[in-house]
Amino acid sequence: MSFDGDLTRSTAAALAAAIKGGDVTATEVTQAHLDRIAKVDEKVHAFLHVDTEGALAKAAEVDAKRARGEKLGPLAGVPLALKDVFTTKGVPTTCGSKMLQGWVPPYDATVTRRLREADVVILGKTNMDEFAMGSSTENSAYGVTHNPWDLTRIPGGSGGGSSASLAAFEAPLAIGTDTGGSIRQPASVTGTVGVKPTYGGVSRYGLVAFSSSLDQGGPCARTVLDAALLHAAIAGHDPMDSTSIDLPVPDVVAAARLADIKGMRIGVVKQFDGDGYQDGVRQRFHESVDLLRELGATIVEVDCPSFDYALPAYYLIAPSECSSNLARFDAMRYGRRVGDDGVNGVEEVTSLSREAGFGPEVKRRIMLGTYALSSGYYDAYYGSAQQVRTLIMRDFDRAFADVDVLVSPTTPTTAFKIGERADDPMAMYLADLCTIPSNMAGNAGMSVPVGLAPDDGLPVGLQIIAPAMADDRLYRVGSAVEAALNGKWGRPLIEEVPAL
Amino acid sequence: MSTSTVNLPSYEDALATYDPVMGLEVHVELGTVTKMFCGCPTAFGADPNTQTCPTCLGLPGALPVVNTKAIESAIRIGLALNCEIAEWCRFARKNYFYPDMPKNFQTSQYDEPIAFNGYLDIEAAGKTWRIEIERAHMEEDTGKSTHVGGATGRIHGAEYSLVDYNRAGIPLIEIVTKPITGTGEHAPEVARAYVAELRELIKALGVSEARMELGQMRCDANVSLRPIGREKFGTRSETKNVNSLRSVERAVTFEIRRHAAVLNAGDTVIQETRHFHENDGTTSPGRVKEEAEDYRYFPEPDLVPVAPARTWVDELRGTLPELPSVRRNRLQAEWGATDHDMQSIQNAGAVDLIVQTVSLGAPADQARKWWMGELARHANEQEAELGDLAITPAQVAELVTLTTAGTLNDKLARQVIVGVLAGEGSPKQVVAARGLAVVSDDGALLAAIDEAIAKFPDAADKVRGGNQGPAGQLIGAVMKTTRGQADAARVRELLLERLSG
Ligand SMILES: [Zn+2]
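Here goes a summary of the coordinates provided. Given the structure is predicted, the values throughout are model-derived calculations rather than measurements. (Residues numbered from 1 in each chain as written. Chains lettered and ligands numbered in written order. Predicted model: local features only at pLDDT ≥ 70, side-chain atom pairs only at ≥ 80, totals over all residues. Heavy atoms only, no water.)

**Here we look at the overall build of chain A**
1) Next: Within chain A one finds 16 helices and 11 strands.
2) Next: Summarising its shape, the C-alpha atoms of chain A cover approximately 65 × 55 × 45 Å along the three principal directions.
3) Next: Counting across all 500 residues of chain A, residues that qualify as buried make up 63%.
4) Next: In chain A, the share of contacts with a sequence separation of at least 24, taken over all contacts with a separation of at least 6, comes to 76%.
5) Next: Summed over all atoms, the accessible surface of chain A reaches about 16,700 Å², with 52% contributed by carbon and sulfur.
6) Next: Of the charged side chains in chain A, 46 are positive and 62 negative, and the gap between their average positions amounts to 2 Å. (Helix = DSSP H or I, 4+ residues; strand = E, 2+ residues; numbered from the N terminus. Buried < 20%, exposed > 50% of the residue type's maximum accessible area, 1.4 Å probe, protein only. Contact = heavy atoms within 4.5 Å. Areas by Shrake-Rupley, 256 points an atom, 1.4 Å probe, with all protein chains shown as cover. Lys, Arg positive; Asp, Glu negative; His and termini not counted. Charge placed at Lys NZ, Arg CZ, Asp CG, Glu CD.)

Structure follows, in C-alpha cells:
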C-alpha cells in the first residue's frame, strides 16, 4: 500500500480511487486530515466542531466494507467539511449562533444523510456567518475564519469556514449553502470551486433556513470534477422538501470530464463590470472571456437591466423570510435560554434569550424583514421586491434564449481585510452584487478560480450562470477553463496558497 | 372578570332596540390519519408529545409537505358548501408568537383560500335561512397548553405551562361566513342551527367526527349590534372557542344582551376577543385588540402552490354523499314527521341517533318518542348533548322491543332508562337487576284486584252499577300494590270482567 504524495493535497477523485484501489485506507486519509486540522485550524478557524470519533468510525466502516469486498461509491472514504447550517444527528449544529449553542439535533438533514449513504467521511462542522447572514464569516458568534491566502483577510461568507477548510487543505470537499452568494463568493476569494445548484436541485430538508425561497445547498471543492462528484452525491429529488425538483439530476460528472466548450454561446453580463469593480478583478475577468473565446465559444454581450435592482430587492425578500424563519428561536424547545429565573414569564425569557442569542446582523435583518412585511408596507417593500424578482427572471429568460451560459466576475473585489467592512453593512452587501440574481431566479451558478489579481495577488473567481436544471453546463465550462489555466500555469492555482 | 347578567337588559328588550349581525368562524379538525404537513399520526388521547417529529415540532431545518388527503377533504367541504374551488392557491404564513405554536407562525391560507363564495341553507325558527360562506381555508392546528397554578387556568397568573405538541400540525379547515344579517330575535337560534347543520355536513362527508366536546369542531362567534334600521355595522366582539351547540346559542344570546347594555349606557363596544363560561353562560374579555393585530402574512416559501386539477375536483364532486338537508327531507317523509318535529330532532342532534335506532329494528315513531322525549329531558337536565348520554341507539332499540312486547310499560321504561344512564347495563340487564318487568301473571293481578275491591267497596258497587268512572280509583290501587309493574290495560280488562260477573 502506498500513496504517492500528501494525502491532504490530493483531490477527492484521487483519494477515492486510492482508497478503492487499496493504496491507502480511509482511516489513513481521515487521520491525515484530522492531523492537518489539529495543526492549522488554530490559525484558520474553519471548524466550529471537529467530530474526530464520528469521522474515524465512518472511515473504519468504509475500510471494513472494502475488506469484505463490497462495492464502494465514487466518494467512499473521502473526508468532507460540512457547513454548520445542516443538521447532524448527534453532532452539534449551531449555525454560527449563540442561540443554538449546545443544540444537538435529533435528525439528519437530507444532505447529511446522503453524504453518510455515500460513505463520505464528515470531519466536522464549519464556521459561518450567523444563520448564513453575511459575506465575511465575521458575523459568526464563535469568531472569524481567516483566509489561508492571507490570514488578515476574510474567507468570504457566509460559508467562509467551508471555503477556508479547502484552501487550508483541511478537507478536499466541503458543503456550503448559497442564499445570495454564500458558496460562490467564498469560493472566489479563496481560489476554490463553489457551485450553487438550481434551486430545488439539492434538498433543503435539515438546512436551517435563512431565506427559504433563496437558500440552496451545494458542493465546494478544489477542482471542478470534485465538485461534480459531490454534486451528484447530494442532488436529486427529496419527498421531504416540497420545493425539491422531481427530475433527473443533470449529468454533472460527465460534463466536468468533457471540459470542452467548442460551439457554446456565452453571454457577458453588461451590468457586472465598470465602476465599483477592482481593476485586478476586471483584468482577470476580461482575460477569462478571451480564454473562453480561444477555447471555441462565441462571446456575446448581454443586457440584463433589472439586475441593477437585484441587490435592494434581495435585501427585502431575504430579511422578510428570515424574520419569519427565525421566529421559532424562542428558547422554549431547544437552544440557549436566558433569564429563566422562575420569575420572568415566557415573553421575558424569549426576549432576553433573543437579546443574548442573536448577533447584530441577525437582529438587523429580523427588524428589516418584520418592517417590510408589516401591513401598510407590504406592497411597497415585499410586494415590489417580488416584482423585481419576476423582472430578473425575465432578463435571464431573454438572455438564455440566445446564450448557453452567462459569465461575470463572481464578486467585485478580492478578499477584503478582516474588520474592513464590519461596520458598513452596505459595503458588505456589495460583495454579493453579482451572485444574487441567480438566487432570485433560482438558476445555477458556479465560481471557478481564474488567477490572482495583479494588484493584490489574491484569487479572482469567474462566475458562470446556467439556466435552471442545466447545471451540467456550469461544469462543462468550468472544467474547460480550469484545464486551460492549469495547462498555462503548469499547476493548479491552489498550489500557490502560502504555507501555514 | 365576567359580566353578570343581573344588570343586563332582557333579551327581548335588547332586540326591541337593536339588530344583531353575526359572523361565525368554525374550525374543523380533519380526521386524516396523518398531520397536515408531516407523517405523524393524529390519533386522539396519546401520551403528550409522543406524536411529533422535527416538522411538527418546528425544529430548525425541518420542512412541511402537504397532506393530499387534507386537500381532498377541504375541496369536498368546499363543494358541499356550494363554494368555488380555487384553480391555484397558496399557503401563507400567519406570523405571531404563542408558546404552543412551534414555529411561531401558523401555516394557513390568506387571500387565496382553497374554497370561496358558497352558502349553506339551514332551517331555524320555522324557516329556511341561506348562510353565505365567504371562504373555507386550510391551516394547521397549534399545540395545546395546560397552565398550571394560578386561579384562572389561563396563561397569565399561571406558575408554569405544559405544552403538548401532539395536536400541533393537525389539519384544520376554517369556514368563515359572510356577515349574517336579518335574523333579528332568531340570531342565537340561527347560529346554533348553522353550526349544527355544518356539523351534520362534516360528518356526512366523513372528513371529521366533528365532536365539539373534543375540540374537533370549534366555533368563534362574532356578534355586533346596530340600532334597528341602521345600515352600518356596530363594533363586534369575538367569543372564542365555543364548544357546544348549546353554548353557541347561549354565547350569542349573552353577547346581544351585553352589547345592548353597553350601547344603552351610551358607551362604545370594545373590539375584543372574549371567553365563554359554560357554568353561567356569560363571557369575559380576552386580550384587547388595541390595534388590529398584524400577522404579516406572506406566501409560504416552503410549499408549492396547490392547483387542483378540474378533473379531480369533478371526481370529488361525484363522491359527495347525500347532503344532510336532502337526507332530512327524505327521513321526514319516511318518518311522517312535521317540519317542526324535524327541526326539533335536528336541533337536538338526534337525526343519526334515530336513524341508527330504526336500523336496529325499532319503529320510527317509537325511536323518535324516546329520543325526543325522555332522553332529551335527561340531556337537558345534564346540560349535555343527546349524543353524549350514556345510552346507545342499540340500547334504545332494545328498550323499544321490551315495551312493544309488553314487558315494560312507559313508566317502567323510564326507570330502565335511569338505570342504563347510571351505567347499570343494557335495558334487559336493568330489568333483571331491578326486577322491573310488567306483572303479566293474571293470578297475581286478580289477587290485587280483589284486594282493591275489598278496600273500596263503594267504588266497586258504582262500577257494578254501570258507572265506569270510579274504575280509575280501583286501577290506581292495583298499580300501587304492584309497584307500577302491571299493565294498566290488562288490569282494567280483568277488573271489568270481575265486576260484571
Ligand atoms: Zn410531525
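**Observations concerning the nonpolar core**
1) Next: Counting residues in hydrophobic clusters, the biggest one holds 148 residues, and the most contacted among them are L115, F131 and Y475 of chain A.
2) Next: Setting aside chain neighbours within four positions, we find L115 of chain A in contact with L80, L82, V120, I122, I175, L230 and I234 of chain A.
3) Next: With 68 residues, the next largest nonpolar core counts M22, V26, L30 and V313 of chain B among its residues. (Core = buried A, V, L, I, M, F, W, Y, C linked by side-chain atoms within 4.5 Å.)

**Some words on the packing of aromatic side chains**
1) Next: Inspection of the entire model under this criterion finds 20 aromatic pairs over all chains.
2) Next: When the ring of W103 of chain A is compared with that of Y334 of chain A, the centres are 5.7 Å apart and the planes differ by 40°; the resulting orientation is tilted. Taken together, the residues span a long stretch of sequence, with W103 of chain A in the loop between strand 2 (79–83) and helix 4 (110–117) and Y334 of chain A in the loop between helix 10 (310–325) and helix 11 (346–357) at a distance of 231 residues. For the residue pair W103 of chain A and Y334 of chain A, the accessibility class agrees, reading buried in each case.
3) Next: A centroid spacing of 5.2 Å and a plane angle of 40° characterise the contact between Y378 of chain A and Y382 of chain A, whose relative ring orientation is tilted.
4) Next: With a relative accessible area of 3%, Y382 of chain A lands in the buried category.
5) Next: Here the aromatic cluster, defined as three or more aromatic residues joined through ring pairs, consists of W103, F131, F329, Y334 and F358 of chain A.
6) Next: In this arrangement the basic side chain of R9 of chain A is found over the ring face of F169 of chain A, its NZ or CZ atom lying 4.0 Å from the centre.
7) Next: Note that K94 of chain B overlies the ring of Y295 of chain B, its terminal NZ or CZ placed 4.4 Å from the centroid. (Phe/Tyr/Trp six-rings, centres within 6.5 Å; stacked < 30°, edge-to-face > 60°. Lys NZ or Arg CZ within 6 Å of the ring centre and 35° of its normal.)

**Let's talk about the sheet that holds strand 11 (residues 459–466) of chain A**
Residues and elements named next belong to chain A.
1) Next: With mixed pairing, the 11 strands of this open sheet are ordered in space as 1-3-2-4-6-5-10-11-9-7-8. On the outer flanks of this sheet lie strand 1 (47–50) and strand 8 (298–302), each paired with one strand and no other. Taken over all neighbouring pairs, the strand axes of this sheet differ in orientation by 25° on average, direction set aside.
2) Next: When strand 7 (residues 265–269) meets strand 8, the two strands line up parallel, connected through 5 bridges. Residue pairing for strand 8: G267 is matched across the bridge by V300.
3) Next: Contacting strand 7, strand 8, strand 9 (405–409), strand 10 (444–452) and strand 11, helix 9 (residues 279–294) crosses the sheet at an angle of about 150° to strand 9.
4) Next: Of the strands in this sheet, strand 8, strand 9 and strand 11 touch helix 13 (residues 379–400), which is tilted by about 115° from strand 9. (Pairing = 2+ DSSP bridges. Axes fitted to C-alpha atoms, helices over the stretch in contact; angles between N-to-C directions.)

**A few points about the pattern of salt bridges**
1) Next: Counting across every chain of the model gives 55 salt bridges over all chains.
2) Next: Of the charged contacts, one joins E495 of chain A and R9 of chain A as a salt bridge, the two residues approaching to 3.6 Å between their closest N and O atoms. Taken together, the residues span a long stretch of sequence, with E495 of chain A in the segment after helix 16 (471–489) and R9 of chain A in the segment before helix 1 (12–21) at a distance of 486 residues.
3) Next: Under the relative-accessibility criterion, R9 of chain A is labelled partly exposed at 33%.
4) Next: Its salt-bridge partner being K363 of chain A, residue E355 of chain A comes within 3.5 Å of it at the nearest N-O pair.
5) Next: According to the relative accessible area criterion, E355 of chain A is exposed, its value standing at 54%.
6) Next: The partly exposed category is assigned to K363 of chain A, whose relative accessible area is 22%.
7) Next: Among the charged side chains, a network of salt bridges with common partners joins R204 and D241 of chain A together with R93, E300 and D302 of chain B. (Salt bridge = Lys/Arg side-chain N within 4 Å of Asp/Glu carboxyl O.)

**Some details on the side chain of T413 of chain A**
Residue and element names in this part refer to chain A.
1) Next: Mapped onto the fold, T413 is located in the loop between strand 9 and helix 14 (425–429).
2) Next: You can call T413 buried: its relative accessible area is 18%.
3) Next: Polar contacts involving the side chain of T413 include one to the side chain of R421, which spans 3.3 Å.
4) Next: Apart from residues lying up to four places away in sequence, T413 is in contact with V189, Q278, V281 and R421. (Polar contact = N/O pair within 3.5 Å; in protein donor to acceptor, adjacent residues only side chain to side chain.)

**Description of the coordination of the zinc ion**
Residues and elements named next belong to chain B.
1) Next: Within the protein, C38 (SG), C40 (SG), C53 (SG) and C56 (SG) serve as the donor atoms for the zinc ion, at 2.3 to 2.4 Å.
2) Next: Taken together, the 4 donor atoms coordinating the zinc ion and their angles of 100 to 115° define a geometry best described as tetrahedral.
3) Next: Here the donor residues for the zinc ion map to a single chain with the spacing C-x1-C-x12-C-x2-C. Separated by 18 residues along the polypeptide, C38 in the loop between strand 1 (18–29) and helix 2 (68–80) and C56 in the loop between strand 1 and helix 2 bring together distant segments of the chain. Pair check on accessibility: C38 and C56 agree, each one buried. (Donors = N, O, S within 2.8 Å, 3.2 Å for Na, K, Ca; no water. Tetrahedral: all angles 85-135°; square planar, octahedral: opposite > 155°, others 65-115°.)

**Some points on the packing of helix 2 of chain B against helix 5 (residues 310–317) of chain B**
Residues and elements named next belong to chain B.
1) Next: Put simply, helix 2 and helix 5 touch, their axes get as near as 10 Å, and they point 65° apart. Viewed along their axes, helix 2 and helix 5 adopt a mutual orientation that is roughly perpendicular. By crossing handedness, the relation of helix 2 to helix 5 is classed as right-handed. Residues T68, I71, E72, I75, R76 and L79 of helix 2 lie in contact with helix 5, whose contacting residues are W312, V313, L316 and R317.
2) Next: Per-class residue counts for the contact of helix 2 with helix 5 are 6 nonpolar, 1 polar and 3 charged. (Parallel < 35°, antiparallel > 145°, perpendicular 65-115°, else oblique. Left-handed = near helix turned anticlockwise from the far one by under 90°. Nonpolar A, V, L, I, M, F, W, Y, C, P; charged D, E, K, R; others polar.)

**Quick notes on the sheet that holds strand 3 (residues 92–95) of chain B**
Residues and elements named next belong to chain B.
1) Next: Spatially, the 3 strands line up as an open sheet ordered 4-3-14, and their pairing is antiparallel. Lying at the two open borders of the sheet, with one neighbouring strand each, are strand 4 (105–108) and strand 14 (298–299).
2) Next: Two strands pair when backbone bridges link them, and strand 3 and strand 14 are joined in this way by 2 bridges, in the antiparallel orientation. Bridge pairing links R93 to F298 in strand 14.

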